[in-house]
Amino acid sequence: MPLRKRSRWRWLGPLASTVIFVASLAVLWLIIREMEPGQVAGAFADASRRQIGLALGFTALSYLLLTGYDALALRRLGMSIPYRTTALASFTSYSVSFTLGFPIVTGGTVRYWIYSAKGVRASEVARLTVIAGLTFWLGLGAILSACLFYATDSVALLARTSPWVVQVVGAATALAILGYLAWVATDERTFRVRGWNLPLPGLGITLGQMTLGACEVCAAAAVLFVLLPGGYGLEYPAFLAAYVFACLIGIAAHTPGGLGVFEATMLVALNRLPYGHVLGALLLFRIIYYLLPFILALVMLALHEMIRRIKRHDI
């Protein structure tokens, strides 16, 4: 009976993957169509080759670190998957989910598309996606807390609030992280939702998650930072705090990649910098960090499916 049920519903995975792939192409077309060639050309003209090169380098570093999210999650789940498969699944899932939004659905479907060929079940992909998501949130929280304490005055100036408010937010974030670390250090570190149990990583792997997530957030933020105009005394820790807040607001708004919301928040936070240059930097950031990896991910997914079909035909 289980075998019959599995064969009856086995078409759902490929169907969901195909739907997401087609939706990705549609969203890509809409994004490119909305971009004005003159505006894009102007943004590239305002940025130096060094800025573009650094932005591309930090983008590559960020996505490289993102592959570690899946690697740590697979280690926690006790699975041995070749790194090339992990890297492909991680890069394509994040590139697609960053653009389409709803990472649990879109990123999880792309992961299943790739990992299922290695015998990974849908329930295991769901657990992997949740653990990888925890890595992101732990890194984001650690960076936010550190920046709010390290650059209190600069952040208060950007946020137009008092330093004590900044420190209270930083302390609350730090306490939340410490509470989570204390919880996973115990034997009762199981996440339960309606009968679905997920044993969370222990303290050692969790600290590794936090470090990896923090490094990835710093690398992603550096992509935009190096594209901003220099000479205005903007400190990286203060900028990093503004970047994290913009990401949080973008996530809360449920817009793909925080589109529009992220840019508006950064424009308000960086209002002391020339508006035109900041807007151009944000446009370049959107192209370099989101659009280019998204296009590359679609190409890689198409090639992956072609190669898999050729191998099946040869067999």
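A. Quick look at the nonpolar core. If you look at the biggest cluster of nonpolar residues, it comprises 57 residues, and the most contacted ones within it are Leu224, Leu227, Tyr243, Phe262 and Phe285. Looking at this core, the elements with two or more residues in it are helix 4 (49–76), helix 5 (83–100), helix 7 (122–150), helix 8 (152–159), helix 10 (203–227), helix 11 (236–252), helix 12 (261–269) and helix 13 (275–314). Per-element tally for this core: the top contributor is helix 10, with 11 residues. Beyond its immediate sequence surroundings of up to four residues, leucine 227 is in contact with Gln51, Ile52, Ala55, Ala281, Leu284, Phe285 and Ile288. With 28 residues, the next largest nonpolar core counts Leu100, Ile177, Tyr180 and Leu198 among its residues.

B. How the structure looks around the packing of helix 4 against helix 5. Remark: helix 4 packs on helix 5, axes separated minimally by 8 Å, with the N-to-C direction vectors making an angle of 115 degrees. Helix 5 is crossed by helix 4, and the crossing has right-handed handedness. Residue-level contacts link Tyr63, Leu64, Leu66, Thr67, Tyr69, Asp70, Ala71 and Leu74 of helix 4 to Tyr83, Thr86, Ala87, Ala89, Ser90, Phe91, Tyr94, Ser95 and Phe98 of helix 5. Class assignment of the residues belonging to the contact of helix 4 with helix 5 gives a composition of 12 nonpolar, 4 polar and 1 charged.

C. A look at the packing of aromatic side chains. Per the counting criterion, the structure on display carries 19 aromatic pairs. Taking 5.1 Å as the distance between ring centres and 45 degrees as the angle between the ring planes, the aromatic pair formed by phenylalanine 225 and phenylalanine 239 counts as tilted. Remark: phenylalanine 239 occurs in helix 11 and phenylalanine 225 occurs in helix 10; sequence separation between them is 14 residues. The class for phenylalanine 225 is partly exposed, based on a relative accessible area of 25%. Judged by relative accessible area, which is 0%, phenylalanine 239 ranks as buried.

D. The arrangement of the packing of helix 5 against helix 6 (residues 103–115) in detail. At a closest axis distance of 8 Å, the pairing of helix 5 and helix 6 adopts a crossing angle of 155 degrees. Classified by the angle their axes make, helix 5 and helix 6 are roughly antiparallel. With respect to the hand of their crossing, helix 5 and helix 6 are arranged in right-handed fashion. Where helix 5 abuts helix 6, its residues Thr85, Thr86, Leu88, Ala89, Thr92, Ser93, Tyr94, Val96, Ser97 and Leu100 lie against Pro103, Thr106, Gly107, Val110, Arg111, Ile114 and Tyr115. Per-class residue counts for the contact of helix 5 with helix 6 are 9 nonpolar, 7 polar and 1 charged.

E. Structural view of the pattern of salt bridges. Scanning the entire structure with this criterion turns up 4 salt bridges. The partner of arginine 111 in a salt bridge is aspartate 70, and the shortest N-O contact between them spans 2.9 Å. Residue arginine 111 is found in helix 6, and its partner aspartate 70 is found in helix 4; the two are separated by 41 residues along the sequence. Among the residues examined, aspartate 70 registers a relative accessible area of 0% and is labelled buried. Here glutamate 124 and arginine 121 are joined by a salt bridge, their closest N and O atoms 3.2 Å apart. The buried category is assigned to glutamate 124, whose relative accessible area is 16%.

F. Layout of helix 10. Here helix 10 spans 37 Å end to end across 25 residues, near enough to the 36 Å set by a 1.5 Å rise per residue. Approximately 25 degrees is the largest bend angle found in helix 10, and it occurs at alanine 221.

G. Structural detail: the side chain of threonine 152. Inspection of the secondary structure puts threonine 152 in helix 8. Ignoring any residue separated from it by four or fewer positions in sequence, one finds threonine 152 in contact with Cys147, Pro163, Val166 and Gln167.

H. The arrangement of the environment of tyrosine 180 in detail. Its place among the elements puts tyrosine 180 in helix 9 (residues 163–184). C-alpha separation for the pair tyrosine 180 and threonine 206, spaced 26 residues apart in sequence, amounts to 9.5 Å. Discounting chain neighbours no more than four positions away, the residues touching tyrosine 180 are Leu134, Leu138, Leu200 and Thr206.

Conventions we followed
Residues numbered from 1 in each chain as written. Predicted model: local features only at pLDDT ≥ 70, side-chain atom pairs only at ≥ 80, totals over all residues. Heavy atoms only, no water. Core = buried A, V, L, I, M, F, W, Y, C linked by side-chain atoms within 4.5 Å. Buried < 20%, exposed > 50% of the residue type's maximum accessible area, 1.4 Å probe, protein only. Helix = DSSP H or I, 4+ residues; strand = E, 2+ residues; numbered from the N terminus. Contact = heavy atoms within 4.5 Å. Axes fitted to C-alpha atoms, helices over the stretch in contact; angles between N-to-C directions. Left-handed = near helix turned anticlockwise from the far one by under 90°. Nonpolar A, V, L, I, M, F, W, Y, C, P; charged D, E, K, R; others polar. Phe/Tyr/Trp six-rings, centres within 6.5 Å; stacked < 30°, edge-to-face > 60°. Parallel < 35°, antiparallel > 145°, perpendicular 65-115°, else oblique. Salt bridge = Lys/Arg side-chain N within 4 Å of Asp/Glu carboxyl O. Expected span 1.5 Å × (residues − 1). Bend = angle between axes of the 7 residues up to and from the residue.

Keep in mind these numbers describe shape, not what the thing actually does.
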